[in-house]
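Overview (structure and organization)
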Amino acid sequence: MPSNSHISPTALPFPILIADIGGTNARFSIVVDSYAEPKTFEPIKTKDYPSLDVAIQTHVLDRTSLQPRAAVLAVAGPTDGDEIDLTNNHWVVKPEKMIEQFGLQDIIVLNDYEAQALAIVALEDEHLKKIGGGTKAERSNCVILGPGTGLGMAGLIHAANTWIPVAGEGGHIDLGPQTDRDNEIFPHLERIEGRVTGEQILCGRGLVNLYQAVAKAAGEKPKFTTPEDVTAAAKDKSDALAVETISLFSEYLGRVAGDLALIFMAKGGVYLTGGITQKILSIFDEERFRAAFQNKAPHSELISAMPTFAILHEQAPLAGLTAYARTPVRFGVSLDRRHWCAK
């Protein structure tokens, strides 16, 4: 049954099962104790398994002698309720059933971008690519922004010697034209009830939306209908409109990242993650991104001191969940009805 505690437990019993469950992929590991490297398992496609329970049993437990006593899960979707439906995924998380079936004492369920935010604490410099200037202030607020299937975001607040992840829907803030070129392109962008939001441009389908608007503004018929095709054409420079699309994508991402940096006063940095970021990093227009990020008059000087990074770690959420599982007391995670205990 759900715990009455609204904050993180001071400790969880080892071994701890870690799971990062997205719309397409799921990744698992087992944390044996506070110091040993986690035992990791190959990522799986969620479509290949009928349920989370079956995936845990056949892909994890049947392949190790370790018997988890607790689980920390990150899911792509709302985390309240005794049965948690996942966005873009047929699995349903049933914590009470999992406790009974796998003999667990505790289960904690977090939002996927809470896990992404927690990862910032765990990542080493080798897992980060710095974009532009600025210097990271230690123990300071951070923002994580992830163009992928959608545009995910979260803040990571440092207060009272504790890291507090704050998941939100900042990907849906308004994004409007600023330049003459924007005024040519924006009338052709697909809108949601009249609005152009960050997510209408800065995600997989948004990349296609932007490319098609660029083509229409040029009076040409769009050639591409998938983000993979747009990215490939930009990489080999076979299509000038695709090249411009990636450059504009970089600029618009910089604008949104800068807005969020000001909202959170992110002196600890803004961190880019998400599948689209990884796929376009080799052709990402870093100068255009950083110029847009800093173009925040009257606070350009303030924001110029804030650093920006791309996360290179392919399993960053697992690293964040692992850091939390080892020492929950370091993190001010509000659990409410997201912590289940054995009866």
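Higher on the page you've got the structure.
Every chain's residues receive numbers from 1 upward, in the order its sequence appears when written. A pLDDT threshold of at least 70 governs which residues receive local features in this predicted model, and a stricter bar of 80 or more applies before side-chain atom pairs are shown or counted, although totals over entire chains, interfaces and linings include all residues. Water and hydrogen atoms were dropped before computing side-chain values, which therefore reflect all heavy atoms in the structure.

1. Focus: the overall build of the protein chain
Only runs of H or I of at least four residues qualify as helices and only runs of E of at least two qualify as strands under DSSP, and these elements are numbered from the N terminus. For the protein chain, the count of helices and strands is 11 helices and 15 strands. A compact globule built from 343 residues should have a C-alpha radius of gyration of about 20 Å, and the protein chain, at 21 Å, falls within 12% of that. Each of the three principal axes of the protein chain carries a C-alpha extent, and together these read 65 × 45 × 35 Å. For every residue, the accessible area obtained with a 1.4 Å probe (protein chains only) is divided by the maximum for its type, and the residue is called buried under 20%, exposed over 50%, and partly exposed between those limits. Put simply, the protein chain has 343 residues, and 52% of those count as buried. Considering only contacts within the protein chain whose residues lie at least 6 apart along the sequence, 71% involve residues at least 24 apart. Note on areas: Shrake-Rupley, 1.4 Å probe, and residue coverage restricted to the protein chains presented here. Approximately 15,100 Å² of the protein chain is accessible, and the part contributed by carbon and sulfur atoms is 49%. Looking at charge distribution, the protein chain has the averaged site of its 32 positive side-chain charges lying 1 Å from that of its 42 negative ones. We take the radius of gyration over the C-alpha atoms and set the globule estimate at 2.2 Å times the residue count to the 0.38 power. Note on definitions: a residue-residue contact is assigned when non-hydrogen atoms from the two residues lie within 4.5 Å. Neither His nor the chain termini are counted; the positive set is Lys and Arg, and the negative set is Asp and Glu. Positions of charges follow a simple convention, taking NZ of Lys, CZ of Arg, CG of Asp or CD of Glu.

2. Topic: the nonpolar core
Residues belong to one nonpolar core when they are buried, are Ala, Val, Leu, Ile, Met, Phe, Trp, Tyr or Cys, and are joined through side-chain atoms within 4.5 Å. Residues Leu145, Ile201, Leu210 and Tyr252 are the most contacted members of the largest nonpolar core, which totals 46 residues. Listed by contribution, the elements that provide at least two residues to this core are β10 (142–147), β11 (151–159), α5 (204–217), α6 (227–235), α7 (240–264), β13 (270–272), α8 (275–280) and α9 (286–294). Ranked by the residues each element gives to this core, the list is headed by α7, at 12 residues. Those residues in contact with tyrosine 252 that lie beyond four places of it in its chain are Leu175, Asp182, Ile185, Phe186, Ile201, Leu202 and Leu210. Within the second largest apolar cluster, 34 residues are counted, among which are Ile108, Ala117, Leu118 and Leu318.

3. Re the pairing of strand β8 (residues 106–111)
Extensive coverage of β8 is indicated by the burial of 6 of its 6 residues. Any two strands between which DSSP finds at least two bridges are classified as paired. Here strand β5 (residues 70–75) pairs with β8 via 6 bridges, running parallel. Counted as the bridge partner of alanine 74 is leucine 110 from β8. As paired elements, β8 and strand β15 (residues 339–341) share 3 bridges and run antiparallel to each other. Bridge pairing in β15 places isoleucine 108 opposite histidine 339.

4. A word on the packing of aromatic side chains
Between 30 and 60 degrees the pair is tilted, below 30 it is stacked and above 60 it is edge-to-face, where a pair is any two Phe, Tyr or Trp rings, Trp via its six-membered ring, whose centres lie within 6.5 Å. Taken as a whole, this structure holds 6 aromatic pairs when the rule is applied. Each ring, one from phenylalanine 186 and one from tyrosine 252, has its centre 5.7 Å from the other, and the planes form 80°; the classification is edge-to-face. Taken together, the residues span a long stretch of sequence, with phenylalanine 186 in the loop between α4 (180–185) and α5 and tyrosine 252 in helix α7 at a distance of 66 residues. The class for phenylalanine 186 is buried, based on a relative accessible area of 3%. Residue tyrosine 252 is classed as buried on the basis of its relative accessible area, which comes to 0%.

5. Observations regarding the packing of helix α3 (residues 112–122) against helix α11 (residues 316–326)
For helices, the fitted line uses only the C-alpha atoms of the stretch in contact; every axis is such a line through C-alpha atoms, and the angle between N-to-C directions lies from 0 to 180 degrees. At a minimum axis separation of 7 Å, α3 and α11 run at an interaxial angle of 75°. Of the possible angle classes, the one that applies to α3 and α11 is roughly perpendicular. Residues Ala115, Gln116, Leu118, Ala119 and Ala122 of α3 pack against Ala316, Pro317, Ala319, Gly320, Leu321, Ala323 and Tyr324 of α11. Counted by class, the contact of α3 with α11 contains 10 nonpolar, 2 polar and no charged residues. For classification purposes, an angle smaller than 35 degrees is called roughly parallel, one larger than 145 roughly antiparallel, one from 65 to 115 roughly perpendicular, and anything else oblique. Here the term charged refers only to Asp, Glu, Lys and Arg, the term nonpolar to Ala, Val, Leu, Ile, Met, Phe, Trp, Tyr, Cys and Pro, and the term polar to all other amino acids, Gly among them.

6. Focus on the side chain of threonine 64
Locating threonine 64 in the fold gives a position in the loop between α1 (52–60) and β5. For threonine 64, a relative accessible area of 17% corresponds to the buried category. A polar atom in the side chain of threonine 64 sits 3.1 Å from the backbone nitrogen of leucine 66. Those residues in contact with threonine 64, other than ones at most four positions away along the chain, are Ile30, Lys39 and Phe41. Each polar contact in these results corresponds to two N or O atoms within 3.5 Å; when the atoms are within protein, one needs to be able to donate a hydrogen and the other to accept it, and residues that are neighboring in sequence are counted only if both atoms are side-chain atoms.

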